Amino acid sequence: MTEAPDRAALLATLAFQVSLGADEAIGETPIDRFATLNEARPSAPTLRTETADARTPAAAPRGRHRTAAEPPDARPSPPSAPDAADLATAATNLTDLADSMAVWTGSDLRLGARNLVFADGHPGARVMIIGEAPGAEEDRTGKPFVGRAGQLLDRMLASIGLSRRAEAPEHAAYITNILPWRPPGNRTPSEAEARAFLPFVERHIALAAPEVIFSLGNTPTKALMATGTGIKRMRGTWAVHAPSGLPVLPSFHPAYLLRQPADKALAWRDLLALRARLDGHGPAP
């Protein structure tokens, strides 16, 4: 007799499936939905052949009259989502901006996420760090960079005298992402998703008013710089974020460095360049 799995094993399996993006319980036995539909559908009525019935006009359907130019199956269009740029521009502070992002219906990512992940750290920091998107831990806590990649980022920042927990702006770091919602299964955000949230990100930059942007990974760098060039070619080279005029230093995402530790040496060069810029010794972009 096969021993039934214990409760801990079942919970671990469920947690693994949730981390993959599963959000619906489905049975193991396949169901023929077409067969079910046919069974539920009433049989077609028998056509009547009497001459009187053939001459009798069909009763007009009740309700709204259809115009000649309207397609037979036309339906009222659902209301469109508010324009992201309009919502972002209307936000006068960071709290307003977070509220606007939370209610914006222009992306379906919000439907599969638990929490809006807005930002962490000191809003008046000299450095604004922009990453990619929340992961499972970030989605659970509502804060960016709290998993393994976040722990590595904290150590990287500490190596040049910065911290998200510091109160003094000269030692503080302010952290956010291009996307505020976790993509299903922690997949890489699409370029279309990054573009959709870009008005919110640009307004976020304007309201936080940093001196320097530290862009981590392909997704934020391509979105902020409007380029198709990959992070391996752009990292370590200062550029300008056109809407704000702020200097941007692209570098590797900490999650990438966990997979490719050999590139930590290059990331260390980028950190030194960031520190030099903050100290007034860095080159102008």
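Residues numbered from 1 in each chain as written. Predicted model: local features only at pLDDT ≥ 70, side-chain atom pairs only at ≥ 80, totals over all residues. Heavy atoms only, no water.

(A) Spatial organisation of the packing of helix α8 (residues 191-208) against helix α9 (residues 218-225). Between α8 and α9, the least distance of the axes is 9 Å, while the angle of their chain directions is 70°. Relative to α9, the element α8 lies roughly perpendicular. As for how α8 packs across α9, the hand of that crossing is right-handed. Note on element contacts: α9 touches α8 through Thr219, Lys222, Ala223 and Leu224, opposite Glu191, Ala194, Leu198, Val201 and Ile205. Across the contact of α8 with α9, the residue classes tally to six nonpolar, one polar and two charged. (Axes fitted to C-alpha atoms, helices over the stretch in contact; angles between N-to-C directions. Helix = DSSP H or I, 4+ residues; strand = E, 2+ residues; numbered from the N terminus. Parallel < 35°, antiparallel > 145°, perpendicular 65-115°, else oblique. Left-handed = near helix turned anticlockwise from the far one by under 90°. Contact = heavy atoms within 4.5 Å. Nonpolar A, V, L, I, M, F, W, Y, C, P; charged D, E, K, R; others polar.)

(B) Highlighting the pattern of salt bridges. All told, the structure shown has eight salt bridges when counted by the stated rule. Its salt-bridge partner being Arg164, residue Asp120 comes within 3.0 Å of it at the nearest N-O pair. Residue Asp120 is found in strand β1 (residues 120-121), and its partner Arg164 is found in the loop between α7 (148-158) and β3 (173-177); the two are separated by 44 residues along the sequence. Among the ionic pairs, Arg164 bridges to Asp154, the shortest N-O distance being 3.0 Å. Taken together, the positions of Arg164 in the loop between α7 and β3 and Asp154 in helix α7 put the pair ten residues apart, joining distant regions of the chain. Salt bridges sharing partners connect three or more residues here, namely Asp120, Asp154, Arg164 and Arg165. (Salt bridge = Lys/Arg side-chain N within 4 Å of Asp/Glu carboxyl O.)

(C) Layout of the sheet that holds strand β4 (residues 212-216). The mixed open sheet is built from six strands, whose spatial order is β1-β3-β2-β4-β6-β5. Looking at strand neighbours, the two that pair on one side only are β1 and β5 (239-241), the edges of this open sheet. In terms of strand pairing, β1 meets β3 through two bridges, oriented antiparallel. If you follow Gly121 over to β3, its bridge partner there is Tyr174. (Pairing = 2+ DSSP bridges.)

(D) Spotlight on the confidence of the model for the chain. Per-residue confidence for the chain averages 84 on the pLDDT scale, and 74% of its residues sit at or above 70. For residues 44-66, every residue scores under 50 in pLDDT, and the model assigns this stretch five contacts once sequence neighbours within four places are set aside. (pLDDT = per-residue confidence, 0-100.)

(E) Structural view of the nonpolar core. In this structure, Phe118, Ile130, Tyr174, Ile178, Phe200, Ile205 and Leu224 are the most contacted members of the largest nonpolar core, which totals 37 residues. Sorting the residues of this core by element identifies α4 (84-90), α5 (94-103), β2 (127-131), α8, α9 and β6 (246-251) as the ones contributing at least two each. The element best represented in this core is α8, accounting for seven residues. Setting aside chain neighbours within four positions, we find Ile130 in contact with Thr176, Asn177, Ile178, Val201, Ile205, Ile213, Phe214, Ser215, Leu216, Pro220 and Leu224. Counting 24 residues, the second-largest nonpolar core is a separate cluster that includes Ile129, Ile175, Val212 and Ala267. (Core = buried A, V, L, I, M, F, W, Y, C linked by side-chain atoms within 4.5 Å. Buried < 20%, exposed > 50% of the residue type's maximum accessible area, 1.4 Å probe, protein only.)

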